[in-house]
Amino acid sequence: MTTLKDIAHDAKVSVSTVSRVLNGDQTLAVSHATRQNILAIAKKLNYTPVRARKADQAEEKAPSESPVIGIVVAQSIDEELNDPFFSSIRKGIEKEYAKQGLSTLHTFRLRSMDKGAMLKDIDGLIVIGRISPDTVEKMTNRMEHIVFINHYADEDLYDCVHVDFVRAADRAIRHLQSLGYTHLGYLGGKEREHYFEGNAVIEDERQTTFMKRMQEAGGLHLDDIHIGEYSMQEGYTLMQKAIKKGNLPQAFFIGSDSMAIGAMRALNEAGLSVPSDVSIVGFNDIEAASFSSPPLTTVKVYTEEMGEVGLKLLLERINGRKLPLKVVMPTKLIERGSTCLIHERG
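If you're wondering where the values come from, they're calculated on a predicted model, not measured in any experiment.

Chemist: What is the right way to read helix α6 (residues 84-99) from this model?
Modeler: Along an α-helix, a turn takes 3.6 residues, which lines up residues three or four apart on a common side. With 16 residues, α6 extends 22 Å from end C-alpha to end C-alpha; this agrees with the ideal 22 Å at 1.5 Å per step. Those residues of α6 that fall on the buried side of the exposure criterion are Phe85, Phe86, Ser88, Ile89, Arg90, Gly92, Ile93, Glu94, Glu96 and Tyr97. Residue glycine 101 follows α6 closely and has a positive phi angle near 75 degrees.

See below:
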């Protein structure tokens, strides 16, 4: 019997890519030629999807048959492209899915869903991102097995995987303070809660933690807080605004690495050096962080691992676990070249 691995081998792509193409995932960033090649190879090898085989045999699904898993992504395609935080979580799910040898994975964008109608053949669901309580209720009414990633769901009912953003932001702020900086600034984006028809701006714990810690230290200056969107372009634009305002902070905590990289470019163009003139700490530890100039000091969030853990939790629930679990992923400060002791500044 032909498997996804056979098709992936002939097409020279990953098993997860084959699965997503065969399941019509239009969010997958592959060329039209690659899609057509995968479909042609599947047809040539007479590949039959698991669910189709089940229908042909008209039998109940055996316990060993691969479950059909769905991913609901709360973010739009643009939001996911601008902030790798969420795409990295999805990558982790897909990697673990391939590692487990599973065969059918569906991906949905929240705003393009028919409020659950497309979930009728799904055995379990992973939701990525913050969604409104009303939207959660509409989903869970149609789904027994569901795991939420980066969302505080009802912990008495559902598994969830998330990050302690307060503790993570505190790591960044206390690191800058330990280097001797007292005048700190913050650049960040808008945190959003999503629902079927759109989204609403909610509290961002990175920003509120910054404000609380600076107020405790007696150094809170609201005009040193600049908020836009979580993207490299916005980081660049907001730092330009901060430079133009004058009285630039000695250091910045920036809510995402993408924004931090954009901000460092704005500083460079203004003739300011990182870290000699301004120290920078980012958030996430995306791949580009270690290749920026200078390499970016950041708080590492284990996003791929969040996806991997989310899938493992879901499979446990499908296989019979009743007790809901809450997993809080650790974070770690990664020190690189974008920060230095205040007395080492040029």
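Chemist: Explanation requested: the side chain of threonine 303 in the structure shown.
Modeler: By the element assignment, threonine 303 lies in helix α12 (residues 303-318). Since its relative accessible area comes to 10%, threonine 303 is described here as buried. If near-sequence neighbours (up to four positions away) are discounted, threonine 303 is found in contact with Phe85, Ser88 and Ile89.

Chemist: What exactly am I supposed to notice about the nonpolar core here?
Modeler: As a rule of thumb, nonpolar side chains are buried together in soluble globular proteins. With 63 residues, the main nonpolar core has Met239, Phe253 and Ile280 as its most contacted residues. A total of 7 residues in this core trace back to one element, the largest contributor, which is helix α11 (residues 257-269). Setting aside residues up to four positions removed in sequence, isoleucine 280 forms contacts with Met239, Phe252, Ile254, Ala260, Met264, Leu267, Val274, Leu296, Thr297, Ser338 and Thr339.

Chemist: Hey, could you run me through the sheet that holds strand β12 (residues 297-301) in this one?
Modeler: Sheet strands associate in pairs through backbone hydrogen bonding, adopting either a parallel or an antiparallel arrangement. Read from one edge to the other, the open sheet built from 6 strands follows the order β9-β6-β10-β11-β12-β14, with strand pairing classed as mixed. Strands with a single pairing partner mark the edges of an open sheet, and in this sheet they are β9 (225-228) and β14 (331-334). The mean angle between the axes of side-by-side strands here comes to 15 degrees, regardless of whether they run parallel or antiparallel. Alignment of strand β10 (residues 251-254) against strand β11 (residues 279-284), held across 3 bridges, turns out to be parallel.

Chemist: Could you clarify how one ought to interpret the confidence of the model for the chain in this entry?
Modeler: Regions with low pLDDT should not have their predicted coordinates read in detail. For the chain, the mean per-residue pLDDT works out to 89, and 92% of the residues sit at or above 70. Every residue in residues 51-64 is under pLDDT 50, and counting partners more than four places away or in other chains gives 11 contacts.

Chemist: Looking at this model, I keep getting lost on the pattern of salt bridges. Mind explaining?
Modeler: A pair can form between side chains of opposite charge whenever their charged atoms are brought close. All told, the structure shown has 23 salt bridges when counted by the stated rule. Residues glutamate 229 and lysine 190 are paired through a salt bridge, measuring 3.6 Å at the closest nitrogen-oxygen approach. Highlighted residues: glutamate 229 in the loop between β9 and α10 (232-245) and lysine 190 in the loop between β6 (184-189) and β7 (191-195), separated in sequence by 39 residues. Classification of glutamate 229 by relative accessible area gives partly exposed; the value is 29%. When its relative accessible area of 31% is taken as the criterion, lysine 190 is described as partly exposed. Salt-bridge contacts for aspartate 224 lead to lysine 245; the nearest nitrogen and oxygen are separated by 3.3 Å. Residue aspartate 224 is found in the loop between α9 (205-216) and β9, and its partner lysine 245 is found in helix α10; the two are separated by 21 residues along the sequence. Overall, aspartate 224 belongs to the buried group, its relative accessible area being 2%. Relative accessible area serves as the criterion here: at 36%, lysine 245 is assigned to the partly exposed category. One network of salt bridges, in which partners are shared, links Glu80, Arg90, Glu94 and Arg109.

About the cut-offs
- Residues numbered from 1 in each chain as written.
- Predicted model: local features only at pLDDT ≥ 70, side-chain atom pairs only at ≥ 80, totals over all residues.
- Heavy atoms only, no water.
- Helix = DSSP H or I, 4+ residues; strand = E, 2+ residues; numbered from the N terminus.
- Expected span 1.5 Å × (residues − 1).
- Buried < 20%, exposed > 50% of the residue type's maximum accessible area, 1.4 Å probe, protein only.
- Contact = heavy atoms within 4.5 Å.
- Core = buried A, V, L, I, M, F, W, Y, C linked by side-chain atoms within 4.5 Å.
- Pairing = 2+ DSSP bridges.
- Axes fitted to C-alpha atoms, helices over the stretch in contact; angles between N-to-C directions.
- pLDDT = per-residue confidence, 0-100.
- Salt bridge = Lys/Arg side-chain N within 4 Å of Asp/Glu carboxyl O.

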